[in-house]
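The residues making up each chain are set out below.
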Amino acid sequence: MVKAYIEQFVGTPYEFPSYHKAIREPYDYYQMANMYIGSLIDFDRSIVMYPEQWTKIQNQINEGENVILFANHQSEGDAAFIPLLTEVSHPGLGEKVTYVAGDRVITDLLAKPFSMGKNLLCVNSKKHMNDIPELKATKMKQNLTTIKEMQKKLQEGGFLIWIAPAGGRDRRKADGTLIPDKFDPQAIEMMKKLGTKKSAAKTRFYPLAMATYDIMPPPSSSEKDIGEKRIVNYTGVGLSLGEEIDVSNSGKWAENLGEEADLPVELSEHIWGKVKQEYDKISKYCDPKAEEIVLNAGGVRPIRPPSVPKFD
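What counts and what doesn't
Residues numbered from 1 in each chain as written. Predicted model: local features only at pLDDT ≥ 70, side-chain atom pairs only at ≥ 80, totals over all residues. Heavy atoms only, no water. Helix = DSSP H or I, 4+ residues; strand = E, 2+ residues; numbered from the N terminus. Buried < 20%, exposed > 50% of the residue type's maximum accessible area, 1.4 Å probe, protein only. Polar contact = N/O pair within 3.5 Å; in protein donor to acceptor, adjacent residues only side chain to side chain. Contact = heavy atoms within 4.5 Å. Pairing = 2+ DSSP bridges. Axes fitted to C-alpha atoms, helices over the stretch in contact; angles between N-to-C directions.

1. Brief notes about the side chain of His90
Right, so step 1: Inspection of the secondary structure assignment puts His90 in the loop between helix 4 (81-86) and helix 5 (93-96).
Right, so step 2: The class of His90 is buried, set by a relative accessible area of 5%.
Right, so step 3: Here the side chain of His90 touches Ser89 through a polar contact of 2.8 Å, side chain to side chain.
Right, so step 4: Apart from residues no more than four positions distant in its own chain, His90 is found in contact with Pro51, Trp54, Thr55 and Gln58.

This is the structure in structure tokens:
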């Protein structure tokens, strides 16, 4: 891990292309990130709901279909939780995930080594597009390049994408409550169009809830400056993968809508509602102050991967 940071601070910093493949050699950044984040997880307090859903998408990917996961986003370590919580039950699945990543996780010097170990489609978030006005045109150009890369991979098939349509991490409200942030209809619509193009392989869409906030909570508000203060906790986490969503205009979400309905907004609200529904089932597992928590029906305790160190 020290070597990874020395290369960024002393050597030539790594520059991420629009489509970045996880760097596994000569140094395995994938396992580095998993070992660090994994050591923060209390596996005995964690949960994976509906493990059969992960089996389903693993089979779909192996058959050459694409899968797009619409997820909420809570922790800077979120890219490690699918690999860590499914490594034993679904070997190799976590290594196939490609994350739609904002510019901050590929520019922050502390975050970069962790990002280098994951497959990424690099975009510039709308929330930070105007932070440096003179870079806006360059950022927009990179986003177009990334979309072309995404389209190419969806045409090839067997591609698994994780995207957080809210465009950033969930944050606690003033009253202390924490729920998934609302999704951006334009982000949902873009993925729908790319996944349903005639040239694309068959693409499935799923809602994914992640309860990971307290393991590495974000700042209370979104910040312009790179280099936020990091706080980590040893606690449980949760994943809940919902049922597949038919995003076509004949899907259940579009039933009984009037002619004046804004379809992208309605679809975005429907998908967010499904994520919120799954999130409510797992939110308690990430609370480090909670008493011992009994497993929900349909949930299992994830098995700690052998690669994750134990500290007695």
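2. A look at the environment of Asp262
Right, so step 1: Take Asp262: it is sitting in the loop between strand 8 (238-241) and helix 9 (263-282).
Right, so step 2: Between the C-alpha atom of Asp262 and that of Pro185, which follows or precedes it by 77 residues, the distance is 9.9 Å.

3. Quick word on the sheet that holds strand 2 (residues 47-49)
In any sheet, the strands associate via hydrogen bonds between backbone groups, in a parallel or an antiparallel arrangement.
Right, so step 1: Across the sheet, which stays open at both edges, the nine strands sit in the order 1-5-4-6-3-7-8-2-9 with mixed pairing between neighbours. Each of the sheet's edge strands pairs with one partner strand only, and the pair in question is strand 1 (19-20) and strand 9 (299-300).
Right, so step 2: Sheet topology note: the strand 4 (residues 97-101)/strand 6 (residues 160-163) ladder contains three bridges and is parallel. Bridging across to strand 6, Val97 finds its partner in Leu160.
Right, so step 3: Along the sheet, helix 7 (residues 136-156) makes contact with strand 1, strand 3 (66-71), strand 4, strand 5 (119-122), strand 6 and strand 7 (203-211), crossing strand 5 at roughly 135 degrees.
Right, so step 4: Relative to the sheet, helix 9 contacts strand 2, strand 3, strand 7 and strand 8, its axis offset from that of strand 7 by approximately 40 degrees.

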